[in-house]
Amino acid sequence: MEVMITVAIIGILSAIAVPSYNSYITDSRRNEAKNSLLELGQFMERHYTANSSYGTVSTGVTTSLDESDLPFDSVPKDGGTAYYNVTVTSSSATYTLTLTPTGVMTGDACGDYTLDQTGTHTTASAANTTCW
């Protein structure tokens, strides 16, 4: 009887702790991704300062940067299994960096997250503004 009570208590505690832990891990992944996106925004500003363009200028024609031009194109940036991919679109005067959930974060309710040259952060859905 005592063993059954102990097992029941452990089961109840596990039912509470596991979802809370998973939520914590998800939030920490989002925070890391957001910080990485801000770092890439700083990279884009340095690129603009050096080149007077957010894109690549060759023989007077500006072309968009792509992911290979960025210091990293997925989060975590130091390798490992990616849980966000980074995409970039740019022109001479604008850029947009987008985080897209992948791997274990695929299907995340918060969806994509973007940053542009004005510093505006947007989410895929107005309902998901509290996620980020």
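Anything mentioned here points back to the structure above.
A brief look at the structure comes next. As the structure is a prediction and not an experimental result, all values here were calculated from the model.

### As for the pairing of strand E5 (residues 95-101)
For E5, the buried fraction is high: five of the seven residues fall into the buried class. Sheet topology note: the strand E4 (residues 84-90)/E5 ladder contains seven bridges and is antiparallel. Across the sheet, asparagine 85 pairs through a bridge with threonine 100, a residue of E5. Counting the residues that bridge the hairpin from E4 to E5 gives four residues. Relative to strand E6 (residues 113-116), E5 runs antiparallel, the two sharing four bridges. By the bridge assignment for E6, threonine 96 is matched with aspartate 116.

### Topic: the sheet that holds E5
Taken together, the five strands give an open sheet; going across it, the order is E3-E4-E5-E6-E7, and neighbouring strands pair in antiparallel fashion. Single-partner strands in this sheet number two, and they are strand E3 (74-75) and strand E7 (121-123). The strands touched by helix H1 (residues 2-51) are E3, E4, E5, E6 and E7; relative to E5, the strand with the most contacts, the crossing angle is about 160 degrees.

### Quick word on the nonpolar core
With 22 residues, the main nonpolar core has Met44, Leu70, Tyr84, Leu97 and Leu99 as its most contacted residues. The element that contributes the greatest number of residues to this core is H1, accounting for five residues.

### Examining the packing of aromatic side chains
All told, the structure shown has three aromatic pairs when counted by the stated rule. Judged by centre distance (4.9 Å) and plane angle (65 degrees), the rings of tyrosine 54 and tyrosine 95 are edge-to-face. Remark: tyrosine 95 occurs in strand E5 and tyrosine 54 occurs in the loop between H1 and strand E1 (56-58); sequence separation between them is 41 residues. The residues tyrosine 54 and tyrosine 95 share a single accessibility class, namely buried. The ring centre of tyrosine 83 lies 5.2 Å from the NZ or CZ of arginine 29, which sits over that ring.

### Focus: the pattern of salt bridges
One pass over the structure, following the stated rule, counts three salt bridges. We note a salt bridge from arginine 30 to aspartate 27, for which the minimum N-O separation is 3.0 Å. Here arginine 30 and its partner aspartate 27 are both found in helix H1, three residues apart, which amounts to about one turn of the helix. For arginine 30, a relative accessible area of 9% translates into the label buried. You can call aspartate 27 partly exposed: its relative accessible area is 35%. Linking glutamate 39 and lysine 77 is a salt bridge whose minimum nitrogen-to-oxygen distance equals 2.3 Å. Placement of glutamate 39 in helix H1 and of lysine 77 in the loop between E3 and E4 is noted, with a sequence separation of 38 residues between them. Among the ionic contacts, a cluster of salt bridges with common partners joins Asp27, Arg30 and Asp108.

The rules behind each value
- Residues numbered from 1 in each chain as written.
- Predicted model: local features only at pLDDT ≥ 70, side-chain atom pairs only at ≥ 80, totals over all residues.
- Heavy atoms only, no water.
- Buried < 20%, exposed > 50% of the residue type's maximum accessible area, 1.4 Å probe, protein only.
- Helix = DSSP H or I, 4+ residues; strand = E, 2+ residues; numbered from the N terminus.
- Pairing = 2+ DSSP bridges.
- Contact = heavy atoms within 4.5 Å.
- Axes fitted to C-alpha atoms, helices over the stretch in contact; angles between N-to-C directions.
- Core = buried A, V, L, I, M, F, W, Y, C linked by side-chain atoms within 4.5 Å.
- Phe/Tyr/Trp six-rings, centres within 6.5 Å; stacked < 30°, edge-to-face > 60°.
- Lys NZ or Arg CZ within 6 Å of the ring centre and 35° of its normal.
- Salt bridge = Lys/Arg side-chain N within 4 Å of Asp/Glu carboxyl O.

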